[in-house]
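Each chain is listed here by its residues.
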Amino acid sequence: MLQLSIVDAIAVWPLIGEIDAFRAKGILNTTPGKCISRNVSHLFIDLSGVTLLDTMVAHQIYQLIKRTRSQ
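Residues numbered from 1 in each chain as written. Predicted model: local features only at pLDDT ≥ 70, side-chain atom pairs only at ≥ 80, totals over all residues. Heavy atoms only, no water.

**Student:** Help me understand the overall build of the protein in this model?
**Tutor:** Secondary structure summary: the protein contains 2 helices and 3 strands in total. Seen in sequence order, the protein has helices and strands lined up from the N terminus as β-β-α-β-α. On C-alpha atoms alone, the protein measures out to a radius of gyration of 12 Å, which is about the 11 Å that the 2.2 N^0.38 rule sets for 71 residues. Seen along its three principal axes, the alpha-carbon backbone of the protein occupies a region of about 30 × 25 × 15 Å. (Helix = DSSP H or I, 4+ residues; strand = E, 2+ residues; numbered from the N terminus. Rg over C-alpha atoms; globule rule 2.2 N^0.38 Å.)

This is the structure in structure tokens:
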């Protein structure tokens, strides 16, 4: 997971390329734990480099947002 720290507890994560259901599931499963281990309280996900994002993947990103807000 490439993550660029801006300041303490704030990071940007640029996603690049196609995000299929398999990649989205990996993102959903690993991101919350990595944010906790790196003390990231605010994560900005940059989707400007994503070339393909279907509705199922968009839903999984929404689930990621919900999951990380609750932690």
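More follows now that the structure is in view.
**Student:** How should the environment of Thr30 be read in this particular structure?
**Tutor:** Turning to its location among the elements, Thr30 is positioned in helix 1 (residues 21–37). Given the relative accessible area of 36%, Thr30 is considered partly exposed. Residues Thr30 and Leu64, spaced 34 residues apart in sequence, show a C-alpha to C-alpha distance of 9.8 Å. Polar contacts involving the side chain of Thr30 include one to the main-chain carbonyl oxygen of Gly26, which spans 2.8 Å. (Buried < 20%, exposed > 50% of the residue type's maximum accessible area, 1.4 Å probe, protein only. Polar contact = N/O pair within 3.5 Å; in protein donor to acceptor, adjacent residues only side chain to side chain.)

**Student:** Teacher, can you tell me more about the side chain of Gln60 here?
**Tutor:** Looking at where Gln60 falls in the secondary structure, it is placed in helix 2 (residues 55–69). Residue classification places Gln60 among the buried positions, given a relative accessible area of 17%. Non-local contacts of Gln60, meaning those with residues more than four positions away in its chain, are made with Ala21, Ala24, Lys25 and Leu28. (Contact = heavy atoms within 4.5 Å.)

**Student:** Which parts of the structure should I look at to understand the pairing of strand 2 (residues 10–19)?
**Tutor:** Bridge count between strand 2 and strand 3 (residues 42–53): 9 bridges; the pairing is parallel. When the sheet's bridge partners are listed, Ala11 is paired in strand 3 with Leu43. In the classification by handedness, the crossover that spans strand 2, the intervening helix 1 and the parallel strand 3 is right-handed. (Pairing = 2+ DSSP bridges. Right-handed = clockwise from strand over helix to strand, strands pointing away.)

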